[in-house]
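Chain by chain, the residues run as shown.
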Amino acid sequence: MPGSGSRAARPGPLSPMCPSTPLLEAETSLPHPGRHLCSWTRPGLGPSWASSVVFQSCRSCHLLFRAGAMVPHLVPRQLVRLFRWQVACARGASVQPRTWAAASRIPSLLSPWGAMGTSRLVCRSSSSTSPCAPEVVLTQERYPVTRLPFSVVSEEDLEAFERIIPGRVVTDPEVLEASNVDWLRTVRGGSKVLLRPRTSQEVAHILRYCHERNLAVNPQGGNTGMVGGSVPVFDEIILSTAQMNQVISFHSVSGTLVCQAGCVLEELSRYVEERGFVMPLDLGAKGSCHIGGNVATNAGGLRFLRYGSLHGTVLGLEVVLADGTILNCLTSLRKDNTGYDLKQLFIGSEGTLGVITAVSIQCPPKPTAVNVAFLGCPGFAEVLQTFSSCRGLLGEILSAYEFMDAECMRLVTHHLCLTSPVQESPFYVLIETSGSRAEHDAEKLSDFLEQVLSSGLVTDGTVATDQMKLKGTVTCTSM
């Protein structure tokens, strides 16, 4: 893994993202002959700042999993994480608005929000653009990167792909342009081929062929990532998981969901909620992000405080390695203490170890009583103290705690045309409670709010219990 197991280090070139900070070049070994990774870390910042690098498949052990094409020490992690999961949509598609009943200012902190009309929330999907939007500069022109000696896709390769996935090989430049540009429209690749497999076997055939032909591959889901890791840098083949969107099974007693990696998070949430459960993960991009990308990046989300990370809620994975080998760890048994827990290697690996094709995840029961409080705090110290009081007084019903500063609120109200439900404050806090008894939860929340108001930790606030307003508030803070 990048940033771990360093054996030798030497000063590297300056990072394009931070010209004044040198990088250290280090070689890292995996516990297997022939598996090697190289990582570049910033002095003093540790593994979290390790740069992503480009790897060719190791033919001696048939592992290694980045199929990109650039000189490693010139590419910072924030620029490119090829073979990383993200989420994708077609560029040029109109962004669908959502309506949110904005909360009215009310004198009582504990009364529900009053609707004062509707505002529009932009649904974050893919990179959308108007006809007059400026063209995004190619990544290879914007950054000093060099293509590694991978093969170029030929007509024979296209014919081979067509035999593997008939009718799902895309070479239309207009269609490809959407997959070549990231959601923030900051980086752009030059891929000429988009492949849309539907099964793990098709993914295995594709990767096996690319491994033998030394072709670079860039997996892509919904393309809502914020760091450009879902788009190619040069002419890598884009491997889209958008059509791998089937639910395989759901156990109504244990709440275990098994699905393909291309399933959209919001659709999965709707599916399990109809059956009395919820997904342990909730994101602002849930309308288009894929569960495979969530797992590969170990996404946290709004429910992290209640249900923990995906390292705990994911029960099993199916992964295709770079040589086309299918690694089946798709167990649905929660209490599994047998052997190595291989799935943990792929959770958060960002595609560097393989392509996740299916996920088994534990879904908790759906809470019957949900409340959301939106509060204003006079300072960051008060935000921290409010959190401490929140954990102590709300206990087991606390499911989310998020904060934002005044500048974030200004951007939200300006760009999303929303009205702040509380008076202007330096900081804002969103608290969500989830339980099984509405009266019990309301009483605990009332005691908590009374204490933080009387102590001066909170200067203003409002509470929502209506489901539409609950979803609108949470979506606002997760954008």
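Residues numbered from 1 in each chain as written. Predicted model: local features only at pLDDT ≥ 70, side-chain atom pairs only at ≥ 80, totals over all residues. Heavy atoms only, no water.

Visitor: I tried to follow the overall build of the protein chain on my own but got confused; where do I start?
Guide: Scanning the protein chain for helices and strands turns up 13 helices and 18 strands. Relative to its 479 residues, the protein chain shows a buried fraction of 53%. The long-range share in the protein chain, meaning contacts at least 24 apart out of those at least 6 apart in sequence, stands at 72%. Accessible surface, the protein chain as shown: approximately 20,700 Å² in total, 55% of it carbon and sulfur. (Helix = DSSP H or I, 4+ residues; strand = E, 2+ residues; numbered from the N terminus. Buried < 20%, exposed > 50% of the residue type's maximum accessible area, 1.4 Å probe, protein only. Contact = heavy atoms within 4.5 Å. Areas by Shrake-Rupley, 256 points an atom, 1.4 Å probe, with all protein chains shown as cover.)

Visitor: Hey, could you run me through the state of the cysteines in this one?
Guide: What makes a disulfide is a covalent bond joining the sulfur atoms belonging to two cysteines. Under the defined criterion, the tally for this structure stands at zero disulfides. Here C363 stays free of any disulfide, with the sulfur of C259 as its closest cysteine sulfur at 8.4 Å. (Disulfide = S-S within 2.5 Å.)

Visitor: How should I be thinking about the pairing of strand 14 (residues 355–362) in this particular structure?
Guide: In the case of a regular strand, side chains alternate between the two sheet surfaces. For strand 14, a buried count of eight out of eight residues is recorded, marking the element as mostly surrounded by other parts of the structure. Inspection of the sheet shows strand 11 (residues 256–260) paired to strand 14 by five bridges, in the antiparallel sense. Looking at the pairing, C259 lines up with V359 of strand 14. Pairing of strand 12 (residues 314–320) with strand 14 involves six bridges; the strand directions are antiparallel. Counterpart to G316 in the pairing with strand 14 is S360. (Pairing = 2+ DSSP bridges.)

Visitor: Just checking my understanding: could you explain the packing of helix 10 (residues 380–394) against helix 12 (residues 438–454) for this structure?
Guide: Packed helices, taken two at a time, are described by their axes: the angle between them and the distance between them. At a minimum axis distance of 10 Å, the contact between helix 10 and helix 12 shows a crossing angle of 150°. What the angle tells us is that helix 10 and helix 12 run roughly antiparallel. The crossing of helix 10 and helix 12 is right-handed. Contact with helix 10, carried on its side by T386, S389, C390, L393 and L394, involves K444, L445, F448, Q451 and V452 of helix 12 and no other residues of that element. Of the residues assigned to the contact of helix 10 with helix 12, the class counts are six nonpolar, three polar and one charged. (Axes fitted to C-alpha atoms, helices over the stretch in contact; angles between N-to-C directions. Parallel < 35°, antiparallel > 145°, perpendicular 65-115°, else oblique. Left-handed = near helix turned anticlockwise from the far one by under 90°. Nonpolar A, V, L, I, M, F, W, Y, C, P; charged D, E, K, R; others polar.)

Visitor: What's the story with the packing of aromatic side chains in this structure? I'm lost.
Guide: Here a ring pair, both rings aromatic, is described through the centre-centre distance and the interplanar angle of the planes. Using the criterion set out here, one finds eight aromatic pairs in the structure. Between F250 and Y271, the aromatic rings sit 6.1 Å apart at their centres with planes inclined by 90°, giving edge-to-face as the arrangement. Placement of F250 in strand 10 (residues 247–250) and of Y271 in helix 5 (residues 265–273) is noted, with a sequence separation of 21 residues between them. A relative accessible area of 17% places F250 in the buried class. In this structure Y271 comes out as partly exposed when scored by relative accessible area, which is 23%. Ring geometry for F387 and Y401: centres 4.8 Å apart, planes at 50°, overall tilted. Linking F387 in helix 10 with Y401 in strand 16 (residues 398–405), this pair joins segments that are 14 residues apart in sequence. Taken together, the aromatic side chains of F250, Y271 and F277 make up a single cluster linked through ring pairs. (Phe/Tyr/Trp six-rings, centres within 6.5 Å; stacked < 30°, edge-to-face > 60°.)

Visitor: Help me out: how do you make sense of the sheet that holds strand 6 (residues 169–170) in this one?
Guide: Sheets are built from strands that pair by backbone hydrogen bonding, the pairs being arranged parallel or antiparallel. Read across the open sheet, the four strands follow the order 6-7-9-8; overall the sheet is mixed. Among the strands making up the open sheet, the edge pair consists of strand 6 and strand 8 (217–220). Here four bridges tie strand 8 to strand 9 (residues 237–240), and the two strands are oriented parallel to one another. Bridging from a neighbouring strand, Q220 pairs with S240 of strand 9. Across the sheet, helix 4 (residues 200–213) lies against strand 7 (194–195), strand 8 and strand 9, angled at about 165° from strand 9, the strand it touches most.

Visitor: Which parts of the structure should I look at to understand the sheet that holds strand 14?
Guide: In spatial order, the strands read 10-11-14-12-13; together these five strands make up an open sheet with antiparallel pairing. Of all strands in the sheet, those bounded by a partner on one side alone are strand 10 and strand 13 (326–329). Ignoring strand direction, the axes of neighbouring strands in this sheet form an average angle of 10°. Helix-sheet contacts for helix 4 involve strand 12, strand 13 and strand 14, and the interaxial angle to strand 12 is about 40°.

Visitor: Help me understand the packing of helix 2 (residues 155–164) against helix 4 in this model?
Guide: Taken N-terminus to C-terminus, the directions of helix 2 and helix 4 make an angle of 160°; their axes are 10 Å apart at the nearest point. With respect to helix 4, the element helix 2 is oriented roughly antiparallel. Judged by the sense of rotation from one axis to the other, the crossing of helix 2 with helix 4 is right-handed. Residues E156, D157, A160, F161 and I164 of helix 2 touch helix 4, and the partners they reach there are E202, H205, I206, Y209, C210 and R213.

Visitor: Please clarify how a nonpolar patch on the surface should be interpreted in this entry.
Guide: Taken together, the side chains of Y340, L342 and L345 make up a nonpolar region of the molecular surface, amounting to roughly 360 Å² of accessible area. Along the chain, the position of Y340 falls in the loop between strand 13 and helix 9 (343–346). (Patch = residues over 30% accessible without salt bridge, like charges linked within 9 Å, V, L, I, M, F, W, Y side chains within 5 Å. Salt bridge = Lys/Arg side-chain N within 4 Å of Asp/Glu carboxyl O.)

Visitor: For this particular structure, what's the right way to read the confidence of the model for the protein chain?
Guide: Caution applies to low-pLDDT parts of the model: their predicted coordinates are not meant to be read in detail. Chain-level pLDDT for the protein chain is 75 on average; 69% of the residues reach the 70-or-more range. Across residues 1–126, confidence stays below pLDDT 50; counting only partners more than four residues off in sequence or on other chains, it has 369 contacts. (pLDDT = per-residue confidence, 0-100.)

Visitor: Would you mind going over unusual backbone geometry with me for this structure?
Guide: The phi dihedral of E350 falls on the positive side, at around 60°, and the residue is not glycine. Mapped onto the fold, E350 is located in the loop between helix 9 and strand 14.

Visitor: How should I be thinking about helix 4 in this particular structure?
Guide: Structurally, the α-helix is built with 3.6 residues per turn, so residues lying three or four positions apart point the same way. End to end, helix 4 covers 20 Å across 14 residues, agreeing with the expected 20 Å (1.5 Å per residue, within 8%). For helix 4, the set of buried residues is S200, E202, V203, A204, I206, L207, Y209, C210 and H211. Phi for N214, located one or two positions after helix 4, is positive at around 60°. (Expected span 1.5 Å × (residues − 1).)

Visitor: Help me understand the pattern of salt bridges, please; the structure alone is not making it clear to me.
Guide: Side-chain pairs of opposite charge can arise where the charged atoms are in close proximity. A complete count under the given rule lists nine salt bridges for this structure. Notably, a salt bridge pairs K444 with E396, separated by 3.4 Å at the nearest N-O pair. One end of the pair, K444, is in helix 12; the other, E396, is in the loop between helix 10 and strand 16, and 48 residues separate them in sequence. A residue is classified by how much of its surface remains accessible, and K444, at 18% relative accessible area, is buried. Taking the relative accessible area as the measure of exposure, E396 reaches 48% and is therefore partly exposed. Between R410 and E407 there is a salt bridge; the shortest N-O distance is 2.7 Å. On the criterion of helical spacing, the pair formed by R410 and E407 is a turn pair, its members being three residues apart in helix 11 (residues 406–415).

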